[in-house]
Amino acid sequence: MIRDPAYAGAYDAYAYSQDQAEALRTKLIESGITKDVTIVPAVEAGLLDIVRPTTATPGHERPVDTRTLEERREDKRVENRVRQEKKRAADREEKARNGTLRGRGRPRKQPASSPMV
């Protein structure tokens, strides 16, 4: 794949079957890399008539994600934030049960004890 994010030219990818080409096309569109994918068969390779068995179970196809890359990243950030908030709350509850929960900030100074006479 192309590693330079500034690249905006055409890119040729070669696949052995129509299924592979369509899977690559779907991946490129779903990931937001491009919406302009053209599948051009290479007739001279002689692979167009070969049908390979599928491993996917009918009715269990992956749904197409129509969100943009930035929308998926934002959703992931929200999921991570919520997950971390739950973890911190669980840690606080555990410390409260153990009696080791301390308040926020620096501990207050204890008043000086009166000197013994």
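See the structure above.
Residues numbered from 1 in each chain as written. Predicted model: local features only at pLDDT ≥ 70, side-chain atom pairs only at ≥ 80, totals over all residues. Heavy atoms only, no water.

(A) Highlighting the overall build of the chain. A count of helices and strands for the chain gives 2 helices and 0 strands. Long-range contacts, defined as pairs at least 24 residues apart, comprise 38% of the intrachain contacts of the chain with a sequence gap of at least 6. Carbon and sulfur atoms form 54% of the exposed surface of the chain, whose accessible area is close to 11,600 Å². (Helix = DSSP H or I, 4+ residues; strand = E, 2+ residues; numbered from the N terminus. Contact = heavy atoms within 4.5 Å. Areas by Shrake-Rupley, 256 points an atom, 1.4 Å probe, with all protein chains shown as cover.)

(B) Geometry of the pattern of salt bridges. Here the structure, examined in full by the defined rule, presents 7 salt bridges. Arg77 is the salt-bridge partner of Glu70, the closest N and O atoms lying 2.9 Å from each other. Close ionic contact of Glu85 with Arg81 constitutes a salt bridge, the shortest N to O distance being 3.2 Å. With Glu85 and Arg81 both in helix α2 (residues 69-98) and 4 residues apart, this pair spans about one turn of that helix. Taking relative accessible area as the criterion, Arg81 reaches 44% and is therefore assigned partly exposed. (Salt bridge = Lys/Arg side-chain N within 4 Å of Asp/Glu carboxyl O. Buried < 20%, exposed > 50% of the residue type's maximum accessible area, 1.4 Å probe, protein only.)

(C) Structural view of the environment of Arg92. For Arg92, the position within the fold is in helix α2. Along the chain, Arg92 and Arg102 lie 10 residues apart, while their C-alpha atoms are 9.3 Å from each other.

(D) The side chain of Arg72, seen in detail. Within the fold, Arg72 resides in helix α2. At a separation of 2.8 Å, a polar atom in the side chain of Arg72 contacts the main-chain carbonyl oxygen of Arg67. The contacts of Arg72, once residues within four sequence positions are left out, are Glu30, Ser31, Gly32, Asp65 and Arg67. (Polar contact = N/O pair within 3.5 Å; in protein donor to acceptor, adjacent residues only side chain to side chain.)

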